[in-house]
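Fold and geometry: a report
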Amino acid sequence: MLFRILLVAGCAKGCYNPGVTTVFPFHPLNPLTKRTVTKTTQLTRADVAHIAALAHVALGEAELALYQEQLSAILDHAAQLQTLDTDAIPPTASVLPLRTVLRDDKTASTLPVADALANAPAARDNCFVVPPVR
C-alpha cells in the first residue's frame with residue numbers, strides 16, 4: 001500500500017526529475033520494490049510539439065513543459081515494466097475463460113409466406129415488390 005501512495009503522490013505533485021535514481025519502498029508482493037530504477041527517458045519539446053501536431057492539439061509553452069514532463073514519466077514507467085521477467089508467463093489474449101455467447105441453432109417453424117406478405121404494399125411470386133434504387 002505504501003508503494004501505491006508514494007507513486008501516486010509523486011505523480012500528482014509532478015516531481016519527476018530526469019536522471020534521478022528512485023528506490024521504491026519494499027513490498028513483498030511487488031517485484032519493482034526490489035530494484036533501483038533510473039529515470040532516463042527524456043522527451044524534447046520538439047517531440048511533444050510533434051505529438052501534439054499529430055493529434056491536432058494546440059499547446060502553449062506552459063502546456064508543452066507540463067506534457068514533456070508527464071509523457072517522459074509515462075515512458076519511464078513503461079521502461080520499468082519492460083524490466084520485469086515475463087518468460088514464465090504464457091501469452092494471453094484474454095484473462096476471461098473462452099465461451100460462446102451464441103445459442104445453438106435449432107430448427108423451428110417459420111412464418112407462413114401469406115402472413116409475411118399480408119401487409120406488403122405490393123407482392124409478386126411470393127416476394128416483396130419494391131421500387132428500384134436510383
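On a predicted model such as this, the values are computed, not experimentally measured, just so you know.

**A short note on the packing of helix H2 (residues 45-54) against helix H3 (residues 61-82)**
- Contact geometry for H2 and H3: axes closest at 9 Å, N-to-C directions at 100°. In terms of orientation, H2 lies roughly perpendicular with respect to H3. Contacts from Arg45, Val48, Ala49 and Ile51 in H2 reach Glu61, Leu64, Ala65, Tyr67, Gln68 and Leu71 in H3.
- When its residues are assigned to classes, the contact of H2 with H3 shows 7 nonpolar, 1 polar and 2 charged.

**Here we look at the environment of Ala114**
- For Ala114, the position within the fold is in helix H4 (residues 113-116).
- Distance from Ala114 to Asn126, taken between C-alpha atoms, is 7.9 Å for residues 12 residues apart in sequence.

**Concerning unusual backbone geometry**
- Backbone geometry at His56 places phi at a positive 55°, although glycine is not the residue there.
- Relative to the helices and strands, His56 is located in the loop between H2 and H3.
- A relative accessible area of 74% means that His56 is categorised as exposed.
- Despite not being glycine, Asp125 shows a phi value in the positive range, around 55°.
- In this structure, Asp125 sits in the loop between strand S3 (123-124) and strand S4 (127-128).
- Under the relative-accessibility criterion, Asp125 is labelled exposed at 70%.

**Brief notes about the confidence of the model for the protein chain**
- Looking at the protein chain, pLDDT values average 77 and 70% of them are 70 or higher.
- Element-level pLDDT for the protein chain is lowest in helix H1 (residues 2-13), with a mean of 37, against a maximum mean of 95 in H2.
- In the predicted structure, residues 1-24 sits below a pLDDT of 50 and forms 35 contacts with residues beyond four places in sequence or in another chain.

Parameters and conventions
Residues numbered from 1 in each chain as written. Predicted model: local features only at pLDDT ≥ 70, side-chain atom pairs only at ≥ 80, totals over all residues. Heavy atoms only, no water. Axes fitted to C-alpha atoms, helices over the stretch in contact; angles between N-to-C directions. Helix = DSSP H or I, 4+ residues; strand = E, 2+ residues; numbered from the N terminus. Parallel < 35°, antiparallel > 145°, perpendicular 65-115°, else oblique. Contact = heavy atoms within 4.5 Å. Nonpolar A, V, L, I, M, F, W, Y, C, P; charged D, E, K, R; others polar. Buried < 20%, exposed > 50% of the residue type's maximum accessible area, 1.4 Å probe, protein only. pLDDT = per-residue confidence, 0-100.

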